[in-house]
Amino acid sequence: MRDHEETVLGQFAVHGVNVNGLIVPGRSIESLLARHALNLVVNNHECETYKVLLRGSATAVRYKGRELLLATQHQLKGIDETQVAMLTDSGSHIITSGGRRGYTTRSDTDAFDLIAFDFTAPCADRPELKKRFFNFHSAPPAVPDSQIRAMLLAGYPFAVQLYELEDKNHLGLIRRNIACLPHSQPSDDATLMVKTVRPLDIDPDGMSGGPAFVILDDNGGPEAYLAGIIVRGGRELFTIIKVGVVLEFLRSVFD
């Protein structure tokens, strides 16, 4: 983070931020929120050299006792969705999901692009994975834009990933954290457009599926919430699926 981005997120350095009832030191808020962005990987069991495929980003949430990996369906065209997976911390094991839920119909709204992979059972077998999931139970309160202090988007652009398995047996997953502010309301009411604090120096292709967080002033101090899921982006503007739409999706497929 540089220049204006440091100003937007650095403003919390000497303050605590409320995250799900826990006061987090402001200097740690960026890394704490961004860790819930994961690289969306697919088990490529048919190839010994390239054992995983990289399909962009995903958002890890815990919803009503379920550990879920949220992404967008357009990231998985032509992919066997039963092989969507997470890597262990060491990268030595590929953990596939326990099932998927998504809409089977299509429409003009991005709301139907959401998909959820259930990792509840795999996490029961590997408790070390549980720390990746953000406790997600409510949308942020409706506040004027003047009370929104910052938005943080996180994900894994393809342009900066190090996929050197053939010669070096090295997989380097590099996350980008991007400071943004609200920008406009697109014609699709399911989405919101946000603007980067500074133009990106890379093509953000691969950020789809990653989380958008918002830090706002509420109840006398800054609080952080999940604000939505990235569905597309450019060097200055990103479109996110609103958090209320994400909640409605989860209620419709799990409740």
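Residues numbered from 1 in each chain as written. Predicted model: local features only at pLDDT ≥ 70, side-chain atom pairs only at ≥ 80, totals over all residues. Heavy atoms only, no water.

**Observations regarding unusual backbone geometry**
For Asn20, which is not a glycine, the phi torsion comes out positive at approximately 55 degrees. Tracing the backbone shows Asn20 in the loop between strand E1 (16-19) and strand E2 (22-25). (Helix = DSSP H or I, 4+ residues; strand = E, 2+ residues; numbered from the N terminus.)

**Overview of helix H4 (residues 243-254)**
Its twelve residues give H4 an end-to-end C-alpha distance of 16 Å, which sits within 8% of 16 Å, the value for a rise of 1.5 Å per residue. All buried positions along H4 are accounted for by Val243, Val246, Leu247, Phe249, Leu250, Val253 and Phe254. What you see down the axis of H4 is that its buried residues fit within an arc of 160 degrees, all on one side. Looking at the packing, one finds that the buried side of H4 touches strand E4 (52-63), strand E5 (66-72), strand E8 (100-102), strand E9 (114-118), strand E17 (221-233) and strand E18 (237-242). (Expected span 1.5 Å × (residues − 1). Buried < 20%, exposed > 50% of the residue type's maximum accessible area, 1.4 Å probe, protein only. Arc of directions from axis to C-beta. Contact = heavy atoms within 4.5 Å.)

**Let's talk about the environment of Ala190**
Its place among the elements puts Ala190 in the loop between strand E14 (176-184) and strand E15 (191-196). Excluding residues within four positions of it along the chain, Ala190 makes contact with Thr109, Ala111, Ile240, Ile241, Lys242 and Val245.

**A word on the side chain of Arg132**
Positionally, Arg132 belongs in the loop between helix H3 (120-125) and strand E10 (134-135). Here the side chain of Arg132 touches Asp89 through a polar contact of 2.8 Å, side chain to side chain. (Polar contact = N/O pair within 3.5 Å; in protein donor to acceptor, adjacent residues only side chain to side chain.)

**Examining the pairing of strand E6 (residues 84-87)**
Where burial is concerned, the two faces of E6 agree: the one with Val84 and Met86 and the one with Ala85 and Leu87 are both buried. Bridge count for strand E3 (residues 37-43) against E6 is two bridges, and the pairing is antiparallel. Opposite Val42, over in E6, you have Val84 as the bridge partner. Sheet analysis places E6 next to strand E7 (residues 94-96), joined by three bridges and oriented antiparallel. Bridged to Met86 within E7 is Ile95. (Pairing = 2+ DSSP bridges.)

**Overview of the pairing of strand E16 (residues 211-218)**
Counting buried residues in E16 gives six out of eight residues, a clear majority hidden from the surface. The pairing of strand E11 (residues 148-155) with E16 spans five bridges and is classified as antiparallel. Its bridge partner lying in E16, Ile148 is registered against Leu216. Pairing geometry for E16 and E17, over eight bridges, is antiparallel. Residue pairing across strands places Ile215 opposite Ala224, the latter belonging to E17. Connecting the antiparallel pair E16 and E17 is a turn made up of two residues, with Asn219 showing a positive phi of about 55 degrees.

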